[in-house]
Amino acid sequence: MKLLPALIACLAATAAVAAPPKKGHDYPTVERVLYVQQCMREHPGPFYEMVNKCSCALDRIAAETSLDDFVEMNTVVNAMTIGGERGSELRDNAGAKEQVKRWKALQARVQPACFIGTGPGAAAR
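First things first, this report covers the structure right here in the doc. Remember, it's a predicted structure, so these values are computed and weren't measured experimentally.

**Structural notes on the packing of aromatic side chains**
To describe a pair of aromatic rings, one takes the distance between the centres and the angle between the planes. A full pass over the atoms with the stated rule returns 5 aromatic pairs. Between Tyr35 and Trp103, the aromatic rings sit 6.3 Å apart at their centres with planes inclined by 70°, giving edge-to-face as the arrangement. Here Trp103 lies in helix H6 (residues 94-113) and Tyr35 lies in helix H2 (residues 29-42), a separation of 68 residues in the sequence. The pair Tyr35 / Trp103 is uniform in exposure class, with both members buried. Feature note: the residues Tyr27, Tyr35, Phe70 and Trp103 constitute an aromatic cluster, connected by ring pairs.

**Topic: the pattern of salt bridges**
Counted under the stated rule, the structure contains 4 salt bridges. With a closest N to O distance of 2.4 Å, Glu64 and Arg109 form a salt bridge. Here Glu64 is found in helix H3 (residues 47-64), whereas its partner Arg109 is found in helix H6, with 45 residues between them in sequence. Since its relative accessible area comes to 45%, Glu64 is described here as partly exposed. The partly exposed category is assigned to Arg109, whose relative accessible area is 46%. A salt bridge links Arg102 to Asp69; the shortest N-O distance between them is 3.7 Å. Of this pair, Arg102 sits in helix H6 while Asp69 sits in helix H4 (residues 67-79), and the two are 33 residues apart along the sequence. The partly exposed category is assigned to Arg102, whose relative accessible area is 33%.

**Some remarks on the packing of H3 against H6**
With their axes 8 Å apart at the nearest point, H3 and H6 run at an angle of 135° to one another. With respect to each other, H3 and H6 are oriented oblique. Of the two possible hands of crossing, H3 and H6 adopt the one that is right-handed. Mapping the contact onto sequence places Ala57, Arg60, Ile61 and Glu64 in H3 and Leu106, Gln107, Arg109, Val110 and Ala113 in H6. For the contact of H3 with H6, the per-class residue count stands at 5 nonpolar, 1 polar and 3 charged.

**Description of the side chain of Lys53**
Checked against the element boundaries, Lys53 lands in helix H3. Side-chain polar atoms of Lys53 contact the backbone oxygen of Phe115, separated by 3.1 Å. When sequence neighbours within four positions are dropped, the list of residues in contact with Lys53 reads Cys114, Phe115 and Ile116.

Scoring rules and cut-offs
Residues numbered from 1 in each chain as written. Predicted model: local features only at pLDDT ≥ 70, side-chain atom pairs only at ≥ 80, totals over all residues. Heavy atoms only, no water. Phe/Tyr/Trp six-rings, centres within 6.5 Å; stacked < 30°, edge-to-face > 60°. Helix = DSSP H or I, 4+ residues; strand = E, 2+ residues; numbered from the N terminus. Buried < 20%, exposed > 50% of the residue type's maximum accessible area, 1.4 Å probe, protein only. Salt bridge = Lys/Arg side-chain N within 4 Å of Asp/Glu carboxyl O. Axes fitted to C-alpha atoms, helices over the stretch in contact; angles between N-to-C directions. Parallel < 35°, antiparallel > 145°, perpendicular 65-115°, else oblique. Left-handed = near helix turned anticlockwise from the far one by under 90°. Contact = heavy atoms within 4.5 Å. Nonpolar A, V, L, I, M, F, W, Y, C, P; charged D, E, K, R; others polar. Polar contact = N/O pair within 3.5 Å; in protein donor to acceptor, adjacent residues only side chain to side chain.

Next up, the structure:
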């Protein structure tokens, strides 16, 4: 009977180690690919290095942002570049400005954590 408490403790420790880590939001592959491609265009560098850095950034984003919020922010930021009258509807929208602000704050957190925009030549970009 002295073995029972030790066995229970051992099983509990094994279960804790075997439990999968808590994941963030699961984004569809196409969203991940598009983000990484955009990130790599905005931050040129060695291909495999930037694939890993940009993937790291997206993993961090996915850990704290739902897919719906990510898509909404990313869409607004990309749509801000629409010129003329159509674009002004979005640029003058307070809600859209808030989404852009959230996106920039998110990028400011995740990019340095994944070493994007750091190192030699980063200031030139």
